[in-house]
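Architecture and fold: a report
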Amino acid sequence: QVRVVESGGGLVQPGGSLRLSCAASGIFFSIYHMGWYRQAPGKQRELVARITSGGNTDYADSMKGRFTISRDNAKHTVYLQMNSLKPEDTAVYYCNAIREGLPAYWGQGTQVTVSS
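Cut-offs and rules
Residues numbered from 1 in each chain as written. Predicted model: local features only at pLDDT ≥ 70, side-chain atom pairs only at ≥ 80, totals over all residues. Heavy atoms only, no water. Phe/Tyr/Trp six-rings, centres within 6.5 Å; stacked < 30°, edge-to-face > 60°. Helix = DSSP H or I, 4+ residues; strand = E, 2+ residues; numbered from the N terminus. Buried < 20%, exposed > 50% of the residue type's maximum accessible area, 1.4 Å probe, protein only. Lys NZ or Arg CZ within 6 Å of the ring centre and 35° of its normal. Salt bridge = Lys/Arg side-chain N within 4 Å of Asp/Glu carboxyl O. Polar contact = N/O pair within 3.5 Å; in protein donor to acceptor, adjacent residues only side chain to side chain. Contact = heavy atoms within 4.5 Å. Pairing = 2+ DSSP bridges. Axes fitted to C-alpha atoms, helices over the stretch in contact; angles between N-to-C directions. Disulfide = S-S within 2.5 Å.

1. Focus on the packing of aromatic side chains
Given two aromatic rings, one states the distance between the centres and the angle between the planes to describe the pair. Applying the stated rule across the entire model yields 2 aromatic pairs. Look at Y37 and W106: their rings are 5.1 Å apart centre to centre, the planes differ by 65 degrees, and that puts the pair in the edge-to-face class. Of the two residues, Y37 sits in strand β4 (residues 33-39) while W106 sits in strand β10 (residues 105-106), which places them 69 residues apart along the sequence. You can call Y37 buried: its relative accessible area is 18%. Judged by relative accessible area, which is 40%, W106 ranks as partly exposed. Taking the ring centre of Y94 as reference, the NZ or CZ of R45 above it sits at 3.7 Å. When the ring centre of W106 is taken as reference, the NZ or CZ atom of R45 above it lies at 4.7 Å.

Following this line, the structure appears as structure tokens:
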């Protein structure tokens, strides 16, 4: 059974930091490209960052320099370090696992709220 589980969300003040984790089980984790997406109320889901199976990374423009995606294949986990958080970063953050020719998987999401 495949499970993709996000954790680490919460309430943080503007300028603060959070680290999200996404643990995937039931898949050959190291061959999957992993991504973080987010969806704010009333908005479409958007890409935050992604990391390929080879470790190459890509970020949405508004996250560059503030967010860092990384992965630990031994722990089947992908991380999103978020610094200098802004109120507009408030959203549900989702983890995604994709690989060409294989099914894609999503987690259930973790809420991040940036507010004073």
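2. Points about the pattern of salt bridges
According to the stated counting rule, one finds 6 salt bridges in the structure shown. With a closest N to O distance of 2.7 Å, E46 and R38 form a salt bridge. In this structure, D89 engages R38 in a salt bridge whose closest nitrogen and oxygen atoms are separated by 2.8 Å. Residue D89 is located in the loop between β8 (77-82) and β9 (91-98), and its partner R38 is located in strand β4; the two are separated by 51 residues in the primary sequence.

3. A few points about the side chain of R38
According to the relative accessible area criterion, R38 is buried, its value standing at 7%. Among the polar contacts made by the side chain of R38, one reaches the side chain of Y93 at a distance of 3.0 Å. Not counting residues up to four positions away in its chain, the partners in contact with R38 are Q44, R45, E46, V48, S62, M63, F67, E88, D89, A91, V92 and Y93.

4. As for the sheet that holds strand β7 (residues 67-72)
Strand order across the open sheet formed by 4 strands is β1-β3-β8-β7, with antiparallel pairing between neighbours. Of all strands in the sheet, those bounded by a partner on one side alone are β1 (3-7) and β7. The mean inter-strand angle of the sheet, taken between neighbouring strand axes irrespective of direction, is 15 degrees. Summarising the sheet, strand β3 (residues 18-25) and β8 pair through 6 bridges and their orientation is antiparallel. From the neighbouring strand, R19 faces β8, where its bridge partner is Q81.

5. Points about the state of the cysteines
Defined simply, a disulfide is a covalent bond joining two cysteines at their sulfur atoms. Scanning all chains against the criterion turns up 1 disulfide. Linked covalently through their sulfurs, C22 and C95 form a disulfide whose S-S length is 2.1 Å. Judged by the sign of its S-S torsion, about -80 degrees, the bond between C22 and C95 is left-handed. In this pair, C22 sits in strand β3 while C95 sits in strand β9, placing the two residues 73 residues apart along the sequence.

Don't take any of this as a statement about function, it's just geometry.
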